[in-house]
Structure formats: structure tokens, C-alpha cells
Amino acid sequence: MPPLAELTQLIVFGVLATAVVVGALGVVMLPNIVYAAFLLGGVFLSVAGLYLMLNASFIAAAQILIYVGAVNVLILFAIMLVNKKEAMGASPGIGLRRVLSTGVCLGLFALLLRVAFSTPWATPGPSAIGEDAVIRLGEHFFSDYLLPFELASVLLLMAMIGAIVLARRDVLATDIGTGESVDQGLIEKARTPLLMEKP
């Protein structure tokens, strides 16, 4: 590979890796959940760019279609459906939770560093399959990895159900016209219109 191509590849990798790290930190540290969701979409797009650098075009397209086009849009949809009417109170034992979560994150980070520095990355991998890669992926999806593939669809279904539950939680407690308490039966019951034509 020419030196200019190697330098360009290194710069692109550095930009994408920085975008992934900074975006992931923003997702977990920003107090505004809308900004965090948009940063999560940026992280997904940067990961798709890393897949493209590995010549895994199908995985990059699946990353954009599934994670950016479905999961991230669904998260934004749920956020916009939820109408936050009151400030959330402090959770009990928040200090202990932060200590435990910090310990878990540091342990995972140490494990990743160990894998990164102990793995012989220069070892040549298997030969490229070429155009048959999509066929092989389809065979693995519906044979060896059928259960994880179906669990991904269950995950999307659970996210959609959660969005619906959060959206229905903010229904008014009393009906404006009649003063009755609002429940599902009252919502489905036919009512006379508030503006009646006088005879």
C-alpha cells in the first residue's frame, strides 16, 4: 500500500475512533436525553464507517439500517412521546450505585485494554470470500445464529411496547367535559359533544 494511502487510512481511522469514544462519553454523561440520543446515532454511524474500513460493506449497511434507522429512531420516538411534567427526585443510594457502576466500567475497560495489547493483530486472517459473503451471512443467520437473530427482533418489540406504555402514562386524570376519572372504559365510551346545537 502506498504511504499516502496508509496515512489517509490512519487519519480516517483516528477520526472515526475519536468520534466513537467522544460520542459514547456524551451519551452517558450529558443530562439532556435528546442530545444523548443524537450522539448515539453518531456513534452508530462512526461504527459503520469502521466496518467500511474493514471492507465489510454488508455489515456497515446493516449497522446503518438496523441501529441508526430502527433502534435510534425508536429511541427518539419514545423520548418525544414522553412528556416530562415534573422533575425526577434523587434516587436512594445514588452514591453506592455510582461506585458500583464505575467499578464495572473500569473492569471492562481494563479487560478491553488487555485484549487490545495481548492479541496478535498482525496475524493474517482468513481469505476474503468476496461476493459470497452475503450468502454465507444469510446461512449463518438462519442456522447457527438463529436465536440471537430472533432475540434482536424481540428487543425491538420490547422497545416499541415501552414507548407505547410511556406515551399512555400521561393521560389526564379527569375528563375535562364530565369531571369523571379517566380510564380505558371512559376513553372508549361514546360521549355527547360539548357544543350542542340549540333547537
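Just above, that's the structure.
Residues numbered from 1 in each chain as written. Predicted model: local features only at pLDDT ≥ 70, side-chain atom pairs only at ≥ 80, totals over all residues. Heavy atoms only, no water.

Student: With reference to specific residues and values, describe the packing of aromatic side chains.
Tutor: As enumerated under the stated definition, the model contains 1 aromatic pair in all. Each ring, one from Phe44 and one from Tyr67, has its centre 5.2 Å from the other, and the planes form 50°; the classification is tilted. Residue Phe44 is found in helix 2 (residues 33-53), and its partner Tyr67 is found in helix 3 (residues 57-81); the two are separated by 23 residues along the sequence. Look at Phe44 and you get buried, because its relative accessible area is 14%. (Phe/Tyr/Trp six-rings, centres within 6.5 Å; stacked < 30°, edge-to-face > 60°. Helix = DSSP H or I, 4+ residues; strand = E, 2+ residues; numbered from the N terminus. Buried < 20%, exposed > 50% of the residue type's maximum accessible area, 1.4 Å probe, protein only.)

Student: Describe unusual backbone geometry, listing the residues and the values that go with them.
Tutor: In this model, Asn55 sits at a positive phi of 60°, which is unusual for a non-glycine residue. On the accessibility criterion, Asn55 (72% relative accessible area) is exposed.

Student: Tell me about the packing of helix 1 (residues 3-29) against helix 2, and name the residues and values.
Tutor: Between helix 1 and helix 2, whose axes approach to 8 Å, the crossing angle comes to 155°. Taken together, the axes of helix 1 and helix 2 are roughly antiparallel relative to one another. For the crossing formed where helix 1 meets helix 2, the hand is left-handed. Contacts from Gln9, Val12, Phe13, Leu16, Ala19, Val20, Gly23, Ala24, Gly26 and Val27 of helix 1 reach helix 2 at Ala36, Leu39, Leu40, Val43, Ser46, Val47, Gly49, Leu50 and Met53. (Axes fitted to C-alpha atoms, helices over the stretch in contact; angles between N-to-C directions. Parallel < 35°, antiparallel > 145°, perpendicular 65-115°, else oblique. Left-handed = near helix turned anticlockwise from the far one by under 90°. Contact = heavy atoms within 4.5 Å.)

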